[in-house]
Amino acid sequence: MTAPVLTVSGVGKAFRRYKREMHRILSLCGISMAPSEERWVLRDINFAVEPGQAVGIVGRNGAGKSTLLKLITGTMRQTTGTIAVNGRISAILELGMGFNMEFTGRQNAFQAAGMMGFNQSEIEGVIAEIEDFAELGDYFEQPIRVYSSGMQVRLAFAVATAFRPEVLIVDEALSVGDAYFQYKCFDRIRSFRKQGTTLILVSHDKAALQSICDRAILLEAGKVAKDGSPEEVLDYYNALIAAKEGEEIETIAHPSGRVQTISGDRRARIESVALYDSNGTAVETVAVGKPVELRVTARAHADLEKLVLGFALKDRLGQTMFGTNTFFADQSIDDVTEGETFSFGFRFDANLGPGNYSVSLALSGGESHLVDNYEWRDLAMIFTVVNLGEPFDGKTYIPTTVDVVRGADKAIST
Ligand SMILES: Nc1ncnc2c1ncn2[C@@H]1O[C@H](COP(=O)(O)OP(=O)(O)OP(=O)(O)O)[C@@H](O)[C@H]1O
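Nothing here was measured: the structure is a model prediction, and the numbers come from that model.

A. Expanded view of the site of the ligand. Lining the immediate environment of the ligand, one finds F15, R39, V41, R60, N61, G62, A63, G64, K65, S66, T67 and H204. Interatomic distance of 3.0 Å between a side-chain N/O atom of N61 and an oxygen atom of the ligand. Within the side chain of T67, a nitrogen or oxygen atom sits 2.5 Å from an oxygen atom of the ligand. Listing elements by their share of the shell around the ligand, those giving two or more residues are β2 (37–49) and α2 (65–73). Considered class by class, the residues forming the shell around the ligand number three nonpolar, six polar and three charged.

What follows is the structure, given as structure tokens:
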């Protein structure tokens, strides 16, 4: 078994305020001084990361994600516990962190790479590549204080990834960059991953996490609330955001290893779900492009002002392929009585690429489950799409007709 590249054991972080600056200095020198205020933002964090893993850290604002990354990179010290890192870390943390605002991009690149432990000739060997990747043009020779936040992040990423690290840590920073630069960064991250770099990524971008990470850790109020596959953790996080006090979030581990999350106040519940083909037969396998109907039955367990059912089709990574609801279709049900039952039918063509898909269902009081979440059920059913027609690439099927005519001067008849 290989040794973990990162081990976080019993880590806690308290931010302390002292009545006087002298008390703070004395406490830093190891002399016990009682702080006037102490706030624990991380408590008893334990996890290990294996070489080559890509771990996404998710959680609400203020959950402690950035603080955790700062402890891992050593820019901040934990109050309790230990952090062991096995390999060279390169990090892109807060904007501007480690840059001298009066230095040019080039000077900052030399300084930052020097701080990372590289010598002058090593940096000279990659400076052209840094300049090229950052695409700052003349700004590379200008002081950083005239840079936009997007330009700063271009430089920070180019420097931090000029030498492939064993562990790459990225804190949300990429969201500042434009779409083109984000694409370039993720491309480089993917290529590092192929070469064995471990990735720790803080992001609010669900799609990025699901496409890059093979594991996710959810921090909630300074603690690890979930640690598992991105699909499981993000489903749970989604439920947590909508959950009101006292509401139970149920997780059911299936034999396949996938974990189903069910949340909501249960004022309405799903009773059945199945997929039918055009002959009215219940199916678990459908052919690309064929018409199907998703039938759902539900029961109200309370009087409700409004009832909406939504569904989402997700791929095996948990990325939503398509979703809609009865609210969008202008078919919300008003004035529901406790005990009433309902049948819903969503008819659509299975215009999906071959593979396994899951259905998430949500019963809510409106357009979004964030206000009245009666029941949210991930992995409500799983089905397989097979291709019986001509081959194609991708996760969606767009029926296409093709015309080819020999000779560029010939018109294609329509
Ligand atoms: N230097 C500091 N002094 C005092 N409190 C701090 C300091 N840095 C962070 N905190 C507090 O620690 C808590 C966790 O902050 P942190 O930035 O780690 O959260 P986060 O999960 O990264 O949030 P976000 O998603 O908003 O970036 C917050 O309540 C924040 O106010």
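Let's pick the thread back up.
B. View of the sheet that holds strand β15 (residues 291–300). Strands sit in the order β13-β12-β15-β19 across an open sheet of four strands; the sheet is antiparallel. Taken across any chain shown, the strands that pair with only one partner, and hence form the sheet edges, are β13 (282–283) and β19 (341–349). Taken together, the two bridges between strand β12 (residues 268–276) and β13 define a ladder with antiparallel strand orientation. What sits directly across from L275, in β13, is V283.

C. Region of the structure containing a nonpolar patch on the surface. Nonpolar side chains collect at one region of the surface, where I241, L370 and V371 lie side by side and expose about 280 Å² of accessible area between them. Examined against the element boundaries, L370 turns out to sit in the loop between β20 (355–364) and β21 (373–386). When its relative accessible area of 49% is taken as the criterion, L370 is described as partly exposed.

D. Geometry of the packing of helix α4 (residues 120–134) against helix α6 (residues 179–194). α6 packs onto α4 with a crossing angle of 135 degrees between their chain directions and a minimal axis gap of 11 Å. As judged from the angle between their axes, α4 and α6 are oblique. Within the contact between the two elements, α4 uses E129, D132 and F133 and α6 uses F181, K184, C185 and R188. Along the lines of polarity and charge, the residues of the contact of α4 with α6 split into three nonpolar, no polar and four charged.

E. Highlighting the pairing of strand β17 (residues 320–325). Here strand β16 (residues 304–314) runs beside β17; their pairing, made up of five bridges, is antiparallel. Bridge pairing in β17 links K314 to T320. Following β16, the chain reverses through five residues before pairing antiparallel with β17; G318 in that reversal takes a positive phi of roughly 90 degrees.

F. A look at the pattern of salt bridges. In the structure shown here, the tally under the stated rule is 23 salt bridges. Across the pair E271 and R299 runs a salt bridge, and its minimum N-O distance is 3.0 Å. Here the residue E271 occupies a position in strand β12, and R299 occupies one in strand β15, the gap between them amounting to 28 residues. Here R299 falls in the partly exposed class, since its relative accessible area comes to 30%. With its nearest N and O atoms 3.6 Å apart, the salt bridge here joins R295 to E293. Here the residues in one salt-bridge network are R106, E131 and E141, joined through shared partners.

G. Region of the structure containing the nonpolar core. In terms of nonpolar packing, the biggest core is built from 52 residues, with I92, I130, L155, I189 and L199 touching the most fellow members. Residues in contact with L155, not counting those within four places in the same chain, are F99, G105, N108, I130, A134, L136, F140, I144 and Y147. Residues I270, L309, L313 and F342 belong to the second largest nonpolar core, which totals 34 residues.

H. Focus on the packing of helix α5 (residues 149–160) against α6. The geometry of α5 relative to α6 is characterised by a closest axis approach of 11 Å and an angle of 15 degrees between their N-to-C directions. In this view, α5 runs roughly parallel relative to α6, as classed from their interaxial angle. The two elements α5 and α6 cross, and the hand of that crossing is left-handed. Contacts from V153, R154, F157 and A158 of α5 reach α6 at Y180, F181, C185, R188 and I189.

I. The arrangement of α4 in detail. Its 15 residues place the ends of α4 20 Å apart at the C-alpha level, agreeing with the 21 Å of an ideal helix rising 1.5 Å per residue. Of all the bends found along α4, the most pronounced is centred on V126 and spans about 45 degrees. Of the positions making up α4, those classed as buried are I123, V126, I127, I130, F133 and A134. Where α4 is buried, its residues meet α3 (105–115), α5 and α6. Two residues or fewer after α4 comes E135, characterised by a positive phi angle close to 50 degrees.

J. View of the environment of D214. The topology assignment puts D214 in the loop between α7 (206–212) and β8 (215–220). A relative accessible area of 39% places D214 in the partly exposed class. Counting along the chain gives 162 residues from D214 to G52, while the straight-line C-alpha distance between them is 9.8 Å. Setting aside residues no more than four positions away along its own chain, D214 makes contact with G52, Q53, A54, R193, S229 and P230. Separated by 3.0 Å, the side chains of D214 and R193 make a polar contact.

Definitions and limits used
Residue numbers restart at each chain and count upward from 1, following the sequence in its written direction. Predicted model: local features are reported for residues with pLDDT of at least 70 only, side-chain atom pairs are reported and counted for 80 or more only, and whole-chain, interface and lining totals are derived from all residues. Processing note: side-chain calculations cover all non-hydrogen atoms of the structure and skip hydrogens and water entirely. Nearness here has a simple test: a residue counts as near a molecule or strand if at least one of its heavy atoms is within 4 Å of that partner. For the purposes of these results, a polar contact is taken to be a pair of N or O atoms within 3.5 Å, where, inside protein, one atom must be able to donate a hydrogen and its partner to accept one; residues adjacent in sequence count only when each atom of the pair is a side-chain atom. Every helix listed is a DSSP run of H or I at least four residues long, and every strand listed is a run of E at least two residues long, numbered separately from the N terminus. The nonpolar class holds Ala, Val, Leu, Ile, Met, Phe, Trp, Tyr, Cys and Pro. Asp, Glu, Lys and Arg form the charged class, and all remaining residues, Gly among them, are polar. Strand pairing is defined by DSSP finding a minimum of two bridges between the two strands. Only residues whose relative accessible area exceeds 30% and that form no salt bridge are eligible for patches; like-charged ones are grouped when within 9 Å, while nonpolar side chains (Val, Leu, Ile, Met, Phe, Trp, Tyr) are grouped when within 5 Å. Each accessible area is a Shrake-Rupley result for a 1.4 Å probe, and residues are judged covered by the shown protein chains and nothing else. Whenever Lys or Arg places a side-chain nitrogen within 4 Å of a carboxyl oxygen from Asp or Glu, that contact is recorded as a salt bridge. Burial classification: accessible surface area is computed with a 1.4 Å probe over protein chains only, and a residue below 20% of its type maximum counts as buried, one above 50% as exposed, and the rest as partly exposed. Only the contacting stretch of a helix is used when fitting its axis, a line to C-alpha atoms as for every element, and angles between N-to-C directions run 0 to 180 degrees. Note on terminology: angles under 35 degrees are roughly parallel, angles over 145 are roughly antiparallel, angles of 65 to 115 are roughly perpendicular, and the others are oblique. Between two residues, a contact is recorded if the distance between any of their heavy atoms is within 4.5 Å. By nonpolar core is meant a set of buried Ala, Val, Leu, Ile, Met, Phe, Trp, Tyr and Cys residues that side-chain atoms within 4.5 Å join together. Each helix crossing is assigned a hand: it is left-handed if the near helix lies turned anticlockwise from the far helix by less than a right angle, otherwise right-handed if that turn is clockwise. Helix span is expected to be 1.5 Å times the residue number reduced by one. Fitting axes to the seven residues that end at a residue and to the seven that start at it, the angle between those axes gives the bend at that residue.

Structural measurements only, silent on function.
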